[in-house]
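# Tertiary structure, described
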Amino acid sequence: MIQDIVIPGVMLAIVVYFLWRGFKRSIVTGYSPTHTLRGTKFENELIDLINHERAIAGVQELRKDDNASQYAYQRTKDLEVLGKPTHTNFKPAVLQAKGYTGVGENLASASYIAEDVVTAWMGSEEHRENLLRYNWKYIGIRTGKNKTGQRTIVNIFGN
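What you see is a predicted model, and the numbers here were worked out from it, not measured in a lab.

Taken in spatial order, the four strands of this open sheet run S1-S3-S4-S2, and their pairing is mixed. Where the open sheet ends on each side, the last strands, each with one partner, are strand S1 (63-64) and strand S2 (103-109). The pairing of S2 with strand S4 (residues 151-158) spans seven bridges and is classified as antiparallel. Its bridge partner being in S4, Gly104 is matched across the sheet by Phe157. Each of S2 and S4 touches helix H5 (residues 114-123); the most contacted strand, S2, lies at about 120 degrees to it. Where helix H6 (residues 125-132) meets the sheet, its contacts fall on S2 and S4, and the angle it forms with S2 comes to roughly 130 degrees.

Written as structure tokens, this is what we have:
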């Protein structure tokens, strides 16, 4: 008799807890991704590290976004053809047509260690400024390989 009340009550409490708190993935920042493009472990680790740096700076965390992720994927394909990281073909208008009011991009090449990538970006004034810009709300990161086989990392920011 008591089991009929306790078990459903416990199950309801668990469901309410996860609905209230969200399904957290990051122990660093605790943000909840609201995307369908899951990304690789490496890509998600980059987002966690970027959000950690933003938390240290007192800036809001970024949410992974399908549009930004899809555009980052397209940029990896563009960079495969070009053979090196370059902002030459970066087209903010692609995302502005989807309602973004601002778009930014960081690129990296070669490193397979997420901490090294974020450390390099934080060590560059322009990349650091992009990472910590207060009005960014969304992020998309994708990795690819250029024609020499080096990893290319595309990080798209938006608001």
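Helix packing geometry: the angle between the two helix axes and the distance between the axes. In contact at an axis separation of 5 Å, H5 and H6 are set at 105 degrees when each is read in the N-to-C sense. Put simply, H5 runs roughly perpendicular to H6. In this structure, H5 contributes Trp121, Met122 and Gly123 to the contact, and H6 contributes Glu125, His127, Arg128, Leu131 and Leu132. Of the residues belonging to the contact of H5 with H6, the class tally is four nonpolar, two polar and two charged.

Leu46, Ile50 and Ile153 are the most contacted members of the largest nonpolar core, which totals 19 residues. When contributions to this core are tallied by element, the ones reaching two or more residues are helix H2 (41-56), H5, H6, strand S3 (138-145) and S4. In this view, Ile153 contacts Phe42, Leu46, Asn106, Leu107, Ala108, Ser111, Val117, Trp121, Ile141, Arg142 and Thr143; residues no more than four positions away in its chain are not counted. Within the second largest apolar cluster, eleven residues are counted, among which are Phe90, Tyr100, Val103 and Ile156.

What follows concerns the environment of His87. One can find His87 in the loop between helix H3 (66-82) and helix H4 (93-96). A relative accessible area of 41% places His87 in the partly exposed class. Here the alpha-carbon distance between His87 and Asn106, two residues 19 residues apart in the chain, equals 8.6 Å. Those residues in contact with His87 that lie beyond four places of it in its chain are Arg75, Glu105 and Leu107.

A separate point is the pattern of salt bridges. According to the stated counting rule, one finds four salt bridges in the structure shown. Among the ionic contacts, a cluster of salt bridges with common partners joins Arg75, Asp78 and Glu105.

Low pLDDT marks regions whose predicted coordinates should not be analysed in detail. Overall, the prediction assigns the protein a mean pLDDT of 77, with 75% of residues at 70 or greater. Of all secondary-structure elements in the protein, the lowest mean pLDDT belongs to helix H1 (residues 2-21), at 48, while H6 reaches the highest, 94. The low-confidence segment residues 13-36, where pLDDT is below 50, has 32 contacts with residues more than four positions distant or belonging to other chains.

Another point: the packing of aromatic side chains. By the definition in use, this model includes two aromatic pairs. Between Tyr100 and Tyr138, the ring centres sit 6.1 Å apart and the planes meet at 65 degrees, which makes this aromatic pair edge-to-face. With Tyr100 in the loop between H4 and S2 and Tyr138 in strand S3, this pair connects stretches of sequence that are 38 residues apart. A residue is classified by how much of its surface remains accessible, and Tyr100, at 8% relative accessible area, is buried. Residue class for Tyr138 comes out partly exposed when judged on its relative accessible area of 31%. A centroid spacing of 5.8 Å and a plane angle of 10 degrees characterise the contact between Trp136 and Phe157, whose relative ring orientation is stacked.

Criteria and thresholds
- Residues numbered from 1 in each chain as written.
- Predicted model: local features only at pLDDT ≥ 70, side-chain atom pairs only at ≥ 80, totals over all residues.
- Heavy atoms only, no water.
- Pairing = 2+ DSSP bridges.
- Helix = DSSP H or I, 4+ residues; strand = E, 2+ residues; numbered from the N terminus.
- Contact = heavy atoms within 4.5 Å.
- Axes fitted to C-alpha atoms, helices over the stretch in contact; angles between N-to-C directions.
- Parallel < 35°, antiparallel > 145°, perpendicular 65-115°, else oblique.
- Nonpolar A, V, L, I, M, F, W, Y, C, P; charged D, E, K, R; others polar.
- Core = buried A, V, L, I, M, F, W, Y, C linked by side-chain atoms within 4.5 Å.
- Buried < 20%, exposed > 50% of the residue type's maximum accessible area, 1.4 Å probe, protein only.
- Salt bridge = Lys/Arg side-chain N within 4 Å of Asp/Glu carboxyl O.
- pLDDT = per-residue confidence, 0-100.
- Phe/Tyr/Trp six-rings, centres within 6.5 Å; stacked < 30°, edge-to-face > 60°.

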